[in-house]
Structure formats: C-alpha cells, structure tokens
Amino acid sequence: MKITKDTRVLVLTGAGISAESGLKTFRDAGGLWENHRVEDVATPEAFRKAPAMVWKFYKERWQQALQTKPNPGHLALAKLEDWLQDNFYLITQNVDGLHTAAGNKRVIEMHGSLNTCLCTRCSHHFPIKDINLEEDIPLCPKCKGMLRPDIVWFGEIPYHLDKIDALLHNCDVFMMIGTSGVVYPAAGFVMTASYFGAHTIAVNLNPMENGDFIDEFHQGKAGEILPQLIDGWINSAEK
Ligand code: OAD
C-alpha cells in the first residue's frame, strides 16, 4: 500500500519498542517485571495490601526511565508524525515517556505514565517530579489523600478508550510495534481497525499471538526496521 501525506496512520506500541533503549519487556522476562510478579506490583489489590512496597517499585522504575533515551525506533515515529501531522496518532501501552522524549506530540498513554501520580481521594494528577518521594507513601499536596502511581493496573480500565475507538474507526493504516498481543483491550485494536478497513502492519521480533488480522508483517528489531520503513514511505511519496 502506498502511504502519502494524506494517509491516516494510527500506531500502537508496546514494551518491545523500548527494548533497544535498555528497558526489559514483560513477557520476554518470563512474566516477571524487574524480578517482581506482576500481581505483586501491578494490581490494585497489591497496592491496598502493601502501598509502600508498590511505591518503592515504581519510584525505581521512574529513576530507571530517567536514565534511558529514545532509540532509532522512537525517533522514526517522531519523523513520521512530523511528516503526517494531524493524520498521525500514537497509542502506547508503555509508561516510560520515551515517545514524548523523542518528539511525538499526538500520544495517548493508555496505561498511564511513570511521570505522573494520582490522588486516590481527589483524583488530581501531579507531575512526579513535584512530589516528595522521600515519603514511603507520598500524600496529595491538595487534600492530603494517599497518592498512587498513575499506572493502569491489571483489572483497571485503560485511559482514553473513547478517543482510541474513534481513531480505530477512522484510520487507513494501523501499525502495531513491539507488543505481544496478549493484553486486552490493546490486543484487540488490530481486529477493530481491520474490520473498519485499515491496512494492518506489525513490526516485532517474533510472530504475534493476534497475527490473524495482520496484512503486512516485518520481523526484526523495531530500531532497525522502523527507520528504513518510514524513510522508504516518505521518499517514495515525495518523488
Ligand atoms: P510484552 O513484553 O508482552 O511484549 C513485548 C513484545 O515486543 C514481544 O512480542 C517481543 O517479541 C517484542 N520485542 C522485543 N524486543 C523487540 C524489539 N527490539 N523490536 C521489536 N519487537 C520487540 O509487552 P507489551 O505487549 O507491551 O501492562 O505488554 C502489554 C502490557 O502488559 C504492558 O503495557 C503491561 C504488561 O503487563 C501494564 O503495566 C498495565
């Protein structure tokens, strides 16, 4: 399919796009997230039982994300947005902030962000850099309620699903990059986009669980494939 400046491209990314920046993916590490079982750190139940431990884990993840930089895969997507402008949107399951750091502006962080936290009482969001992280369980500067990491945990509803649904119904190309395709609802987006007529593209190190709806599969590292693919689109459209 020929991609031009008028093609509406919707991208979904997962942990695989940040792997080349040095962040471990979830399922490649045997279901463990930095040596923790997901249910011990990424569920509302875990936070209710052990808030200080869960906070410690996310403070470490934030510190770790601060040390990382966007890789050529992120930068290629920033170039694609620069070219397509309003015809581009990016949905990410990642919480590391690397797409924004690369220069992408139209970004939906459907699983939240390490860069913000959320008050469990008044629901205000705060930049994490403004919070006193010396406290084991930081308190809300407005209402003194307990703050929590602004991460969508298992069993919670992802952010911005209405906007995502509208984008899925109105894209010409849907691209899925570095995601295993096992965590819903994100894993079902390719099916919706395909039913609504989009051409679907996947970039992944390995074949995917939800491969039935993929029209074009590029196997390999996102940081190697995306720059070539995207430069190819831009060059052939501008000839
Ligand atoms: P996964 O760890 O499940 O999948 C990462 C995918 O990236 C795998 O399919 C790998 O083969 C692929 N991959 C690894 N390195 C790559 C590279 N350099 N280039 C391209 N692909 C590569 O991560 P997600 O699909 O993002 O949820 O996981 C989805 C959600 O489950 C996460 O957002 C998280 C998790 O538990 C929450 O935290 C709520």
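In the block above lies the structure referred to throughout.
Note that the coordinates shown come from a computational prediction; the quantities given were computed from them, not determined experimentally.

Asks: Describe the site of the ligand, listing the residues and the values that go with them.
Replies: Looking at the ligand, there are 23 residues lining it, with Glu20, Phe26, Arg27, Thr179 and Ser180 nearest. At 2.8 Å, a side-chain N or O of Glu20 approaches a nitrogen atom of the ligand. Within the side chain of Thr179, one N or O atom sits 2.7 Å away from an oxygen atom of the ligand. Protein chains bury 96% of the 800 Å² of accessible surface belonging to the ligand in isolation. Here the shell around the ligand is composed, by residue class, of eight nonpolar, eleven polar and four charged. Three or more residues apiece are contributed to the shell around the ligand by two domains, here domain 1 (1-23 + 70-111 + 158-239) and domain 2 (24-67 + 113-151).

Asks: Summarise the packing of aromatic side chains; cite the residues concerned and give the values.
Replies: Enumeration according to the criterion identifies four aromatic pairs in this entry. For the pair Tyr58 and Trp153, a centre-to-centre distance of 6.1 Å together with 45 degrees between the ring planes defines the contact as tilted. Taken together, the positions of Tyr58 in helix H4 (residues 51-66) and Trp153 in the loop between strand E8 (147-151) and helix H7 (161-169) put the pair 95 residues apart, joining distant regions of the chain. Accessibility assignment for this pair places Tyr58 and Trp153 in one class, buried. With a centroid separation of 5.8 Å and an interplanar angle of 80 degrees, the aromatic rings of Tyr195 and Phe213 are classed as edge-to-face. Remark: Phe213 occurs in the loop between strand E10 (199-204) and strand E11 (216-219) and Tyr195 occurs in helix H8 (residues 189-195); sequence separation between them is 18 residues. For Phe213, a relative accessible area of 24% puts it in the partly exposed group. Pairwise contacts between aromatic rings join Phe47, Phe57, Tyr58 and Trp153 into one cluster.

Asks: Can you tell me about H4, naming the residues and giving the values?
Replies: Taking 1.5 Å per residue as the helical rise, H4 with its 16 residues ought to reach 22 Å, and the 22 Å between its terminal C-alpha atoms agrees with that figure. Within the span of H4, buried status applies to Pro51, Val54, Trp55, Phe57, Tyr58, Lys59, Arg61, Trp62 and Ala65.

Asks: Got a sec to walk through the sheet that holds E8? Specific residues and values, please.
Replies: Pairing within the open sheet is antiparallel, and its three strands lie in the order E7-E6-E8. Each edge of the open sheet is held by one strand with a lone partner, namely strand E7 (125-127) and E8. Shown here is a sheet whose adjacent strand axes are inclined to one another by a mean of 45 degrees, direction ignored. Two elements, strand E6 (residues 112-119) and E7, share three bridges in a ladder whose sense is antiparallel.

Asks: Requested: an account of the nonpolar core, with residues and values cited.
Replies: Formed by 24 residues in total, the largest nonpolar core has its most connected members in Trp55, Tyr58, Leu114, Cys117, Phe126, Leu147 and Trp153. Those elements that provide at least two residues to this core are helix H2 (38-41), helix H3 (44-49), H4, E6 and E8. Looking at this core, the element that brings in the most residues is H4, giving six residues. Excluding anything up to four places from it in sequence, Trp153 contacts Val41, Ala42, Thr43, Pro44, Phe47, Val54, Tyr58 and Arg148. Listed in part, the 23 residues of the second largest apolar core include Ile201, Leu226, Ile230 and Trp233.

Analysis parameters
- Residues numbered from 1 in each chain as written.
- Predicted model: local features only at pLDDT ≥ 70, side-chain atom pairs only at ≥ 80, totals over all residues.
- Heavy atoms only, no water.
- Near = heavy atom within 4 Å.
- Polar contact = N/O pair within 3.5 Å; in protein donor to acceptor, adjacent residues only side chain to side chain.
- Areas by Shrake-Rupley, 256 points an atom, 1.4 Å probe, with all protein chains shown as cover.
- Nonpolar A, V, L, I, M, F, W, Y, C, P; charged D, E, K, R; others polar.
- Domains from an automatic or database assignment.
- Phe/Tyr/Trp six-rings, centres within 6.5 Å; stacked < 30°, edge-to-face > 60°.
- Helix = DSSP H or I, 4+ residues; strand = E, 2+ residues; numbered from the N terminus.
- Buried < 20%, exposed > 50% of the residue type's maximum accessible area, 1.4 Å probe, protein only.
- Expected span 1.5 Å × (residues − 1).
- Pairing = 2+ DSSP bridges.
- Axes fitted to C-alpha atoms, helices over the stretch in contact; angles between N-to-C directions.
- Core = buried A, V, L, I, M, F, W, Y, C linked by side-chain atoms within 4.5 Å.
- Contact = heavy atoms within 4.5 Å.

Interpretation in functional terms is not warranted from these geometric data alone.
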